[in-house]
Structures are given as structure tokens and as C-alpha cells.
Amino acid sequence: MPPSPPSAAEGGAGRTAGDRSAGWWLAAAAGAVLLLGCSSFVHRLREREPFRRVSPDIAFTMLRDVPALGVIDLREPEEFAGPEGHLRGALNL
């Protein structure tokens, strides 16, 4: 019969190689779950549009409440300068 590992009272950790192996697998599984969750989050971020389209009413409210808000108008220059006009301070790109 092989000798048993020393107990905690005898100065040993009281763990066997199997216990350490189970702990390693548990840590690896937790890490895998964490990585999968992060990759899912990054995937959702990539699905978003890089900008938001807003209605004129919402744009008015936003600019009224935050006057320093920057507005980028992506229309053609002719549309930007045309009869419909553009928002004051908007930058046409």
C-alpha cells in the first residue's frame, strides 16, 4: 500500500495530484467561458452601425440640450447647400 500524503496538520497540503488536476480543469473551464462571453460581446459590437440616424425632431432636441454636440452631415454637397438646408454648425463630409 502506498503511503498517504501528509495531512494539513502534518505540514502537507492534504491534496492529491487528482485534486490539483481537478482544480486546473475548473480554472481552464472558467477561462473558456470567460473568453466565449468576451468574443460574443465583441461580435455584438461589430454588428452595430458606426453612426445613428435621427429624425429632425430628435436632432433638434439633442442640439437644444447639448449645444456643443457635433453634427456630421453625410449628404452630397449640393444637398447640404440646397433648399432644404442643413443644421447650423453641421460639418459636411
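Our subject in this report is the structure included herewith. (Residues numbered from 1 in each chain as written. Predicted model: local features only at pLDDT ≥ 70, side-chain atom pairs only at ≥ 80, totals over all residues. Heavy atoms only, no water.)

1. Quick word on the overall build of the protein chain
Summing up its helical and strand segments, the protein chain has three helices and two strands in all. Listing the helices and strands of the protein chain from first to last along the sequence gives α-α-β-α-β. Looking at the protein chain as a whole, 5% of its 93 residues are labelled buried. Within the protein chain, contacts between residues at least 6 apart in sequence are counted, and of these 6% link residues at least 24 apart. (Helix = DSSP H or I, 4+ residues; strand = E, 2+ residues; numbered from the N terminus. Buried < 20%, exposed > 50% of the residue type's maximum accessible area, 1.4 Å probe, protein only. Contact = heavy atoms within 4.5 Å.)

2. Considerations on the pattern of salt bridges
One pass over the full model with this rule turns up two salt bridges. Linking Asp 65 and Arg 64 is a salt bridge whose minimum nitrogen-to-oxygen distance equals 3.1 Å. Side by side, Asp 65 and Arg 64 carry an identical accessibility label, which is exposed. Between Arg 75 and Asp 73 there is a salt bridge, and its shortest N-O distance comes to 2.8 Å. Given a relative accessible area of 12%, Asp 73 falls into the buried group. (Salt bridge = Lys/Arg side-chain N within 4 Å of Asp/Glu carboxyl O.)

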